[in-house]
Amino acid sequence: MEFRHLRYFLMLAEELHFGRAAQRLSISQPPLSLNIQQLEASVGAQLFTRNSRGVQLTAAGQAFVPAARALLAQATAAAREARDVAEGQSGQLHIGFAGTMLYCGLPQILSRFQVSHPRLRLVLRELSSTEQLSELLRDRLDVGFVHTPRVPPGFEQILVASQPMVACLPAKHPLSKKGSLGLEALVGQDLVVVSSMVSPDYHERILQLCEQSGWMPPVVHELRHWLSVVSLVSQGLGVALVPEALAQSALAGAVFVPLHDVDVRYDTRCLWRSERDQTALGDFVQAVSAGLAGHG
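The following paragraphs examine the structure supplied in this document. Position numbers for residues start from 1 in each chain and track the written sequence from start to end. Predicted model: local features are reported for residues with pLDDT of at least 70 only, side-chain atom pairs are reported and counted for 80 or more only, and whole-chain, interface and lining totals are derived from all residues. Derived side-chain values reflect all non-hydrogen atoms in the structure, with water molecules and hydrogen atoms excluded from consideration.

## Some thoughts on the overall build of the protein
Next, step 1: Each helix and strand in the protein was counted, giving nine helices and 11 strands.
Next, step 2: The globule rule puts the C-alpha radius of gyration for 296 residues at 19 Å, and the 32 Å found for the protein is more than 25% above it.
Next, step 3: Across its three principal directions, the C-alpha atoms of the protein cover 105 × 35 × 30 Å.
Next, step 4: Burial classes: relative accessible area under 20% of the type maximum marks a residue as buried, over 50% as exposed, and values in between as partly exposed (1.4 Å probe, protein chains only). Counting the 296 residues in the protein, one finds 44% classified as buried.
Next, step 5: Contacts are residue-level and defined by heavy atoms, with any inter-residue pair within 4.5 Å sufficient. Put simply, 72% of the contacts in the protein that link residues at least 6 apart link residues at least 24 apart.
Next, step 6: Only the protein chains shown count as covering a residue, and every accessible area follows the Shrake-Rupley method with a 1.4 Å probe. Looking at the protein as shown, the accessible area adds up to about 15000 Å², and 52% of this sits on carbon and sulfur atoms. Numbering of helices and strands runs from the N terminus, with a helix taken as a DSSP run of H or I at least four residues long and a strand as a DSSP run of E at least two residues long. Radius of gyration means the value over C-alpha atoms here, while the globule rule gives 2.2 Å times the residue count to the 0.38 power.

## A short note on the packing of aromatic side chains
Next, step 1: Each Phe, Tyr or Trp ring, with Trp reduced to its six-membered ring, pairs with another whose centre is within 6.5 Å; inter-plane angles below 30 degrees give stacked pairs, above 60 give edge-to-face pairs, and intermediate values give tilted ones. All chains considered together, the criterion is met by six aromatic pairs.
Next, step 2: Arranged with centres 5.4 Å apart and planes meeting at 55°, the rings of F9 and F48 form a pair that is tilted. Placement of F9 in helix α1 (residues 3-15) and of F48 in strand β1 (residues 48-51) is noted, with a sequence separation of 39 residues between them.
Next, step 3: When its relative accessible area of 0% is taken as the criterion, F48 is described as buried.
Next, step 4: Between W226 and Y266, the aromatic rings sit 5.6 Å apart at their centres with planes inclined by 85°, giving edge-to-face as the arrangement. Linking W226 in helix α8 (residues 226-234) with Y266 in strand β11 (residues 265-273), this pair joins segments that are 40 residues apart in sequence.

## Focus: the packing of helix α2 (residues 18-25) against helix α3 (residues 29-43)
Next, step 1: Running from N to C, α2 and α3 point in directions that differ by 100°, and their axes come no closer than 9 Å. Here α3 runs roughly perpendicular to α2, going by the angle between their axes. On α3, the residues touching F18, G19, A21, A22 and L25 of α2 are Q29, L32, S33 and I36. A fitted line through C-alpha atoms represents every axis, and for helices the fit uses only the stretch in contact; the resulting angles, taken between N-to-C directions, go from 0 to 180 degrees. Note on angle classes: values under 35 degrees are labelled roughly parallel, values over 145 roughly antiparallel, values of 65 to 115 roughly perpendicular, and the remainder oblique.

## A closer look at the nonpolar core
Next, step 1: In plain words, nonpolar cores are sets of buried Ala, Val, Leu, Ile, Met, Phe, Trp, Tyr and Cys residues tied together by side-chain atoms within 4.5 Å. If you look at the biggest cluster of nonpolar residues, it comprises 34 residues, and the most contacted ones within it are L186, W226 and V242.
Next, step 2: Looking at this core, the elements that each hand over two or more residues are β6 (155-170), β7 (191-194), α7 (200-212), α8, β9 (240-243) and β10 (254-258).
Next, step 3: Considering every element that reaches this core, the biggest residue donor is β6, with five residues.
Next, step 4: In contact with W226, other than residues within four places in its own chain, are T100, M165, V194, Y202, I206, L241, V242, P243, L246 and Y266.
Next, step 5: Of all hydrophobic cores here, the second largest spans 24 residues; its members include C104, L106, L110 and L122.

## Section: the layout of surface pockets
Next, step 1: In this structure, the second largest pocket encloses a volume near 240 Å³.
Next, step 2: Taken together, 18 residues form the lining of the second largest pocket, with A98, G99, V198, R224 and H225 sitting closest to its centre.
Next, step 3: Of the residues contributing to the lining of the second largest pocket, the split by class is eight nonpolar, seven polar and three charged. Using a grid of 1 Å spacing that covers the protein atoms alone, one calls a set of points a cavity when a 1.4 Å probe fits there but cannot get out, and a pocket when the set is open and has protein on both sides within 12 Å along at least five of seven lines; lining residues are those with an atom within 4 Å of a point. Grid points are joined across faces, edges and corners, and a volume is the space filled by probe spheres set on the points. Under the scheme applied here, ten amino acids are nonpolar (Ala, Val, Leu, Ile, Met, Phe, Trp, Tyr, Cys and Pro), four are charged (Asp, Glu, Lys and Arg), and all others, including Gly, are polar.

## Some details on the side chain of R273
Next, step 1: Of note, R273 is situated in strand β11.
Next, step 2: Pairing of N or O atoms within 3.5 Å defines a polar contact, subject to two protein rules: one partner must be a possible hydrogen donor and the other a possible acceptor, and residues neighboring in sequence count only if both atoms are side-chain atoms. Polar contacts involving the side chain of R273 include one to the side chain of D139, which spans 2.8 Å.
Next, step 3: The residues contacting R273, other than those within four sequence positions of it, are L136, L137, D139, G154 and F155.

## So, the pairing of strand β3 (residues 92-97)
Next, step 1: In this structure, β3 lies alongside strand β4 (residues 121-126), joined through six bridges in parallel fashion. Within the sheet, the bridge partner assigned to L93 lies in β4 and is L122.
Next, step 2: Viewed along the sheet, the connection from β3 through helix α5 (residues 106-116) into β4 turns out right-handed.
Next, step 3: In this analysis, strands are considered paired if DSSP registers two or more bridges between them. Both β3 and strand β5 (residues 143-146) contribute to a ladder of three bridges, which runs parallel. Looking at β5, one finds that F97 is bridged to F145. Handedness of a crossover is defined as follows: with both strands directed away from the viewer, a clockwise route from the first strand across the helix to the second makes it right-handed.

## Some details on unusual backbone geometry
Next, step 1: The backbone of L16 shows a phi angle near 50°, a positive value even though the residue is not glycine.
Next, step 2: Secondary-structure assignment places L16 in the loop between α1 and α2.
Next, step 3: In the Ramachandran plot, S26 falls in the positive-phi region, its phi being about 60° despite a non-glycine side chain.
Next, step 4: Relative to the elements of secondary structure, S26 occurs in the loop between α2 and α3.

## Re the pattern of salt bridges
Next, step 1: We define a salt bridge as a contact between a side-chain nitrogen of Lys or Arg and a carboxyl oxygen of Asp or Glu at a distance within 4 Å. The tally for this structure, following the rule as stated, stands at 11 salt bridges.
Next, step 2: Put simply, R140 and E135 hold a salt bridge, and the shortest N to O gap is 3.4 Å.
Next, step 3: Judged by relative accessible area, which is 47%, R140 ranks as partly exposed.
Next, step 4: Via salt bridges that share partners, E14, E15, R20 and R24 belong to a single interconnected network.

## A few points about the side chain of T58
Next, step 1: Structurally, T58 is set in the loop between β2 (54-57) and α4 (59-86).
Next, step 2: In this structure T58 comes out as buried when scored by relative accessible area, which is 13%.
Next, step 3: Here the side chain of T58 touches G61 through a polar contact of 3.0 Å, landing on its backbone nitrogen.
Next, step 4: Contacts of T58, omitting those with residues within four sequence positions, involve Q46, L47, F48 and T49.

Structure, rendered in structure tokens:
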């Protein structure tokens, strides 16, 4: 049974006349008769009766009409869905991101992209950079926003943001009103830092900066999320070095002060597999690039 057979069957069922049905199908009558015979053989039942009064549907033919319509409708819908996915207008796009991207333009990029791709489902997953790299390598993510220079082979990247690290202090801290600080001013303070399991690169860099400035924190609190770091600082339980964008979190009790002796940048990269053949992914990467251009 072929879809052609179903189309011919439904046209004949509507016209109940071989000549008119063939004319509407833009074919001659013999091919129409042959296709109906092939369909009846495939179904295993006679669908039409042919006599001097014309063509009539049998009981089996009447029962087959709604099923044939449903099959053709499903085939049409499947073809449309396949075309839409191929054109990047339907399907799913799995996007990984670290929490700080919420303050680095990701919501605006997603909002603009969704306007141009309203039927494409964006599946967002908040993951650490380490977790994203693992999911990207396993093809469980289409694209990720990571904070690490350790880009695996076979991936393309865009530098999305590069921001300075700033000091995060409790609002009541004696240094919270300063216009800028040197790290030596924080010597002796307890340190709150993102976990080495979550962000090994920046965990190590921050501790190296402390050591270089002669600051060996008596207590180091390790947390999974940068926002958790800021939250703990806001409760007066230490100080931290965090990406500048976190100042936009406006978390009560936390103050952000520039550092004049730290040149470490907090870089954000958009990553995706080089050989990934997915129109929606290409469109999204273009939207990220356009967002950067507009932001600049």
